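# Commentary on secondary and tertiary structure
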Amino acid sequence: MTRRARRFITAAILLLGVAGPAAATDVSDWNAVSAEARGQTVYFNAWGGSENINAYIRWAGDEMNARYDVTVAHVKLDDTAKAVATVVAEKSAGKNEGGAVDLIWINGENFAAMKRQGLLFGPDWTTKLPNWRYVDHESKPTVLKDFTIATDGLESPWGGAKLVFFYDSARTERSELPDSAVGLLKWAEANPGRFSYPQPPDFIGSSFLKQVLIELVDDKAKLDKPVDDATFEADVAPLFSYLDKLTPLLWRKGKAYPQNYPEMKQKLGDGELDIIFAFNPAEASAAIASGELPDSVRSFVFSGGTLANTHFVAIPYNATAKAGALVFANFLLSPEAQLRKQDAQVWGDPTVLSLAKLPAADRSTFEALDLGVATLRPDQLGPALAEPHPDWMTRIEAEWIRRYGAAN
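Below is a short write-up of the structure. Everything quoted here is computed from the prediction, not taken from an experiment.

A tally of regular secondary structure across the chain gives 15 helices and 11 strands. Scaling as 2.2 N^0.38, a compact globule of 408 residues should have a C-alpha radius of gyration of about 22 Å, and the chain matches this with 21 Å. Viewed in the frame of its principal axes, the chain has a C-alpha envelope of about 65 × 50 × 30 Å. Out of the 408 residues belonging to the chain, those deemed buried represent 55%. Of the contacts formed within the chain by residues at least 6 apart in sequence, a portion of 83% connects residues at least 24 apart. Surface summary for the chain: the accessible area is close to 17100 Å², and the carbon and sulfur share equals 51%. Charge separation in the chain, taken as the distance between the mean sites of 42 positive and 52 negative side-chain charges, equals 3 Å.

So, about the sheet that holds strand β9 (residues 297-300). The strand order across the open sheet built from three strands is β8-β7-β9, with neighbouring strands paired in antiparallel fashion. Every interior strand has two partners, whereas the edge strands, β8 (275-278) and β9, have only one. Between one strand and the next, the sheet's axes are offset by a mean angle of 35 degrees, whatever the strand orientation. Bridge count between strand β7 (residues 164-168) and β8: four bridges; the pairing is antiparallel. In the strand pairing of β8, valine 164 is matched with alanine 278.

With the rule as written, the count across this model stands at 23 aromatic pairs. Three or more aromatic residues joined by ring pairs make a cluster, and in this case those are Phe165, Tyr167, Phe195, Tyr197, Phe208, Phe240, Tyr257, Phe277, Phe300, Phe302, Trp400 and Tyr404. Here lysine 341 stacks its cationic end above the ring of tryptophan 347, 5.6 Å away from the centre of that ring. Directly above the ring of phenylalanine 232 sits arginine 395, whose terminal nitrogen or CZ lies 4.4 Å from the centroid.

Turning to the pattern of salt bridges, a few remarks are in order. Tallying each qualifying case throughout the model produces 19 salt bridges. One salt bridge in this structure joins lysine 357 and glutamate 138, with 2.9 Å as the shortest N-O distance. Within this pair, whereas lysine 357 is found in the loop between α13 (335-342) and α14 (360-368), its partner glutamate 138 is found in the loop between α5 (109-116) and β4 (145-146), the two being separated by 219 residues in sequence. Judged by relative accessible area, lysine 357 falls into the partly exposed class, the value being 28%. Each of Asp168, Arg171, Arg194 and Asp274 takes part in one network of salt bridges that share partners.

This paragraph deals with the pairing of strand β10 (residues 306-314). Burial runs high along β10: nine of the nine residues are buried. Relative to β10, strand β3 (residues 103-106) runs antiparallel, the two being bridged by three bridges. Across the sheet, the residue bridging to isoleucine 104 is alanine 314, located in β10. Relative to strand β11 (residues 384-386), β10 runs parallel, the two being bridged by three bridges. Bridge pairing in β11 places leucine 307 opposite leucine 385.

Reading the values: the criteria
Residues numbered from 1 in each chain as written. Predicted model: local features only at pLDDT ≥ 70, side-chain atom pairs only at ≥ 80, totals over all residues. Heavy atoms only, no water. Helix = DSSP H or I, 4+ residues; strand = E, 2+ residues; numbered from the N terminus. Rg over C-alpha atoms; globule rule 2.2 N^0.38 Å. Buried < 20%, exposed > 50% of the residue type's maximum accessible area, 1.4 Å probe, protein only. Contact = heavy atoms within 4.5 Å. Areas by Shrake-Rupley, 256 points an atom, 1.4 Å probe, with all protein chains shown as cover. Lys, Arg positive; Asp, Glu negative; His and termini not counted. Charge placed at Lys NZ, Arg CZ, Asp CG, Glu CD. Pairing = 2+ DSSP bridges. Axes fitted to C-alpha atoms, helices over the stretch in contact; angles between N-to-C directions. Phe/Tyr/Trp six-rings, centres within 6.5 Å; stacked < 30°, edge-to-face > 60°. Lys NZ or Arg CZ within 6 Å of the ring centre and 35° of its normal. Salt bridge = Lys/Arg side-chain N within 4 Å of Asp/Glu carboxyl O.

Laid out in structure tokens, this is it:
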């Protein structure tokens, strides 16, 4: 989210005040929901910057049309904040029904802002979806807490994300790779100019800041709560001390940064960088399959854990096609849709389902799925480090820009 968008949403939300009206759609009566959904068009507001993800959404839309007589229109966004801003503006204008947004791909600070001001359809509809029975909410705590904020059934999990590093085994020995943020700094000292990260507020770059913050902060319990202004400077001192040491060791000595993950990926392929990272464990395999990276690229994680979260879909309180959105959210949770999404040849996004809960045939199909030559198996991904409260990302991004952004 851009800083301007954040300021707009925050200001608008403060003007709006209390939560919106409860929805009339009864999720507990699934037959009635399915009947109501027929003939509806669901305007699905979702990031549109990846062709393979767009293709997956087209496939899901085609299936919805064929099976449930529901049309899915993908409203391609470059920033989820724009969909949130639409809902905020509609509520400000008193448009409590007939909204333009039916479903949003969302997580983190956008969810927190919408929940705080009652801009989401509710109460709990997620756990009433027929396919909720397959969701792994026992061993995946991020399904129930989105950046420390309880989901309370107001958003339905869609996929998992985990920070994973990539390297080219033809140029770098596995034994030389770092195993922590501190180890990465030592590696950079021995290999100056061979590492970088996208410039925050790019979310991949901001994710790197959070990884280092989690590893180095003195009191990790503080990250579960909003920033304490009185102790913020001391709390983030280890992070920025680390970055002060790392910056002159970065690609171009930190005087320029890759704009985003695709640019960082290209620099690994071109031999300009030796270690990069992404928030999808299947990214390297997908890039190998598309010819963007050599087939010698492999993945690794830190043994102490890397940042992880879940991404969701949510329905605005004033959505026009609530029933259609519910049926679509349920389809996205189906074993069939989740399996296709996890296929590295399609998207490679990790499932939110528990294989143990699936029927035997579906479980076997998941277990037989080829994850790709560079993708770590689920049991190799290591511990999942939970996202800090959304407040932290906003504050460390601003502090990063103040300290280092002027050079770019």
